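Per-entry structural report
The chain contents come next:
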Amino acid sequence: ETRRRGTLARARRAARTRPVSFSRVRSATRARTPRVTARARAFAPSACIRDAGNQARQSLSVAKKNRHALMSGAGDSGAATSSVLFSVHKHLQQRCAQKSAAYLACKKNDQNPSSCLEEGAKVTGCMIDLLKELKAKCPDSLNKYAECMDYRSNKFDKCRAEQAAFEKECPL
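If you're wondering where the values come from, they're calculated on a predicted model, not measured in any experiment.

1. So, the state of the cysteines
Under the defined criterion, the tally for this structure stands at 4 disulfides. Shown here is the disulfide that connects C96 with C126, its sulfur atoms set 1.9 Å apart. Its torsion about the S-S bond being -90°, the disulfide of C96 and C126 is classed as left-handed. With a gap of 30 residues between them, C96 in the loop between α7 (89–95) and α8 (97–109) and C126 in helix α9 (residues 117–137) connect regions that are remote in the sequence. Disulfide pairing places C148 opposite C159 at an S-S distance of 2.1 Å. Its S-S torsion of about -95° marks the bond between C148 and C159 as left-handed, since a negative value means left-handed. Highlighted residues: C148 in helix α10 (residues 139–151) and C159 in the loop between α10 and α11 (160–169), separated in sequence by 11 residues.

2. Details of the confidence of the model for the protein
Averaged over all residues, the pLDDT of the protein equals 74, while 57% of them reach at least 70. Predicted confidence is poor over residues 62–75, with pLDDT under 50, and the contacts of this stretch with residues over four places away or in other chains come to 20 contacts.

3. A look at the pattern of salt bridges
The full count for this structure, using the stated rule, is 3 salt bridges. Its salt-bridge partner being E133, residue R95 comes within 3.1 Å of it at the nearest N-O pair. In this pair, R95 sits in helix α7 while E133 sits in helix α9, placing the two residues 38 residues apart along the sequence. Among the residues examined, R95 registers a relative accessible area of 40% and is labelled partly exposed.

4. With respect to empty space enclosed by the protein
A complete count under the given rule lists 1 cavity of 30 Å³ or more for this structure. Looking at the largest cavity, its volume works out to about 40 Å³. Forming the boundary of the largest cavity are S87, K90, H91, Y145, Q163, F166, E167 and L172. Counting only elements with at least two residues in the lining of the largest cavity, the list comes to α7 and α11. Per-element tally for the lining of the largest cavity: the top contributor is α11, with 3 residues. Split by residue class, the lining of the largest cavity holds 3 nonpolar, 3 polar and 2 charged.

Cut-offs used in this document
- Residues numbered from 1 in each chain as written.
- Predicted model: local features only at pLDDT ≥ 70, side-chain atom pairs only at ≥ 80, totals over all residues.
- Heavy atoms only, no water.
- Disulfide = S-S within 2.5 Å.
- Helix = DSSP H or I, 4+ residues; strand = E, 2+ residues; numbered from the N terminus.
- pLDDT = per-residue confidence, 0-100.
- Contact = heavy atoms within 4.5 Å.
- Salt bridge = Lys/Arg side-chain N within 4 Å of Asp/Glu carboxyl O.
- Buried < 20%, exposed > 50% of the residue type's maximum accessible area, 1.4 Å probe, protein only.
- 1 Å grid on protein atoms, 1.4 Å probe; cavity = no way out; pocket = protein on both sides within 12 Å on 5 of 7 lines; lining within 4 Å.
- Points joined across faces, edges and corners; volume = space filled by probe spheres on them.
- Nonpolar A, V, L, I, M, F, W, Y, C, P; charged D, E, K, R; others polar.

Given below as structure tokens:
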């Protein structure tokens, strides 16, 4: 057993003092980035892809800037984050139950997406009206609860204190 420890210690020391070959690192990174010739650029749809990528990056940066806006009630971008929806789920269940049931019944009867647009719009309108009302009534507690849910990956058991404060300020 003492011989093993000595061998392991020698192996560890040797691994620490081994010189690093930077030529392998440079060649590995060079191999991953393919070269594109001018002719390939002219015939490939990369300009369209590049434009789409730029648009996606721009919309992502705008989304990052406005991420806190919906939680705090500063703006109405029309898209609630999952943490906000998880935070107000009890209110949504109570307020929009009939409209949601009508939408689900429509979807069950007819699989055509265009046939249930009216019912879907009613559910969305109900949700947006509820969010506006809650932001006007209790913005601070809703914001704290939504931020906790966002930070804790939408796990209710980690945000019980914020949930209690929100439900006390905004009862069902």
